[in-house]
Amino acid sequence: NTAMLMSRGALIVLEGCDRTGKTTQCRKIVQGLNDSGMKAKMRTFPDRSTPIGCLIDAYLKKECEMEDHAVHLLFTANRWELMPGMKKDLEAGVTLVVDRYSFSGVAFSGAKSMLDLEWCFQPEQGVIRPDVVLYFDVSLHEAAKRGEYGSERYEVRSFQEKVAANYAWLRTEDWQVIDGSKSVDEVYKNVMSVVKSVISKAKSRPIRYLEL
Ligand code: 2DT
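In this text the structure is predicted, and so the values were computed from the model without any measurement. (Residues numbered from 1 in each chain as written. Predicted model: local features only at pLDDT ≥ 70, side-chain atom pairs only at ≥ 80, totals over all residues. Heavy atoms only, no water.)

### Structural notes on the environment of Lys 88
If you trace the backbone, Lys 88 turns up in helix H4 (residues 68–91). What makes Lys 88 exposed here is its relative accessible area of 63%. Through-space distance from the C-alpha of Lys 88 to that of Arg 8 is 9.7 Å; in sequence the pair is 80 residues apart. (Helix = DSSP H or I, 4+ residues; strand = E, 2+ residues; numbered from the N terminus. Buried < 20%, exposed > 50% of the residue type's maximum accessible area, 1.4 Å probe, protein only.)

### Topic: the state of the cysteines
The final tally for this structure, using the stated rule, is zero disulfides. Cys 17 provides the cysteine sulfur closest to Cys 26, a residue in no disulfide bond, and the two sulfurs are 16 Å apart. The cysteine Cys 120 is free of any disulfide, with Cys 17 supplying the nearest cysteine sulfur at 16 Å. (Disulfide = S-S within 2.5 Å.)

### Side note on the packing of aromatic side chains
Under the counting rule described, the total for this entry stands at ten aromatic pairs. Put simply, the rings of Phe 45, Tyr 101, Phe 103, Tyr 135, Tyr 167 and Trp 175 touch in pairs and so form one group of aromatic residues. In this structure, Lys 28 packs its charged tip against the face of Tyr 188, placed 4.9 Å from the ring centre. Positioned over the ring face of Tyr 59 is Arg 153, at 3.8 Å from the centre of the ring. (Phe/Tyr/Trp six-rings, centres within 6.5 Å; stacked < 30°, edge-to-face > 60°. Lys NZ or Arg CZ within 6 Å of the ring centre and 35° of its normal.)

### Topic: the site of the ligand
Residues in close proximity to the ligand include Phe 45, Pro 46, Arg 48, Leu 60, Phe 75, Arg 79, Arg 100, Ser 104, Gly 105, Phe 108 and Tyr 154, which together make up its full environment. Between the ligand and Arg 79, the relevant distance is 2.9 Å, taken from an oxygen atom to a side-chain nitrogen or oxygen of the residue. Relative to its unbound accessible surface of 460 Å², the ligand loses 87% to contact with the protein. Elements supplying a minimum of two residues to the shell around the ligand: H4 and helix H5 (102–109). (Near = heavy atom within 4 Å. Polar contact = N/O pair within 3.5 Å; in protein donor to acceptor, adjacent residues only side chain to side chain. Areas by Shrake-Rupley, 256 points an atom, 1.4 Å probe, with all protein chains shown as cover.)

### Comments concerning the sheet that holds strand E2 (residues 40–44)
In spatial order, the strands read E2-E3-E1-E4-E5; together these five strands make up an open sheet with parallel pairing. Each edge of the open sheet is held by one strand with a lone partner, namely E2 and strand E5 (175–179). Within this sheet the neighbouring strands show an average axis-to-axis angle of 25°, counted without direction. Sheet analysis places strand E1 (residues 11–16) next to strand E4 (residues 132–137), joined by five bridges and oriented parallel. By the bridge assignment for E4, Val 13 is matched with Val 133. Of the strands in this sheet, E1, strand E3 (95–99), E4 and E5 are in contact with helix H9 (residues 184–202), which crosses E4 at around 170°. (Pairing = 2+ DSSP bridges. Axes fitted to C-alpha atoms, helices over the stretch in contact; angles between N-to-C directions. Contact = heavy atoms within 4.5 Å.)

Written as structure tokens, this is what we have:
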């Protein structure tokens, strides 16, 4: 049975506050894997290209207002709508390198006073569980020195502090903390050593699903 012989790709998620270098490293990881002949693709959440993603994009750009619970569920729905495609890729042996995932969903929505962290986590249960979460740790002081925050919703220091505290609540044994204060090349070297070992371990392990 060829399906059994073919090893699956790994789900690698990058998380962290704004300006911690996630997007830069996602691109470099995919490039590095592809250069060494491995199948890998980048994914980004929110995926602003779908109809649900368009609503999220307008909300983040402050072009519209939405009730907190409602927009939380849109972010979650945006993950669910992409699950079948992601599953297909993983089963075809493609490693997915993902810029933000469910943990951003919980950490950001949970930073709003009306939303409870466990409530936020509920609808994320059952999405594909990452083989690793690379948490980019950079002090907010350091992150602020990297330039002004943008003008999107949530790009405010006091909000980012709450987000950082929520990430600490979410941390599990799946997480690896990456010191994001190092140079781009040093960070890349560190993440690649984790990524390569995760990919080889994931090969023989079934896909798992997220639970609280
Ligand atoms: P960037 O495009 O700069 O990453 O900003 N967010 C993201 C949520 O509130 N919930 C989610 O589920 C996800 C994936 C984090 C996107 C912003 O959207 C926030 C920052």
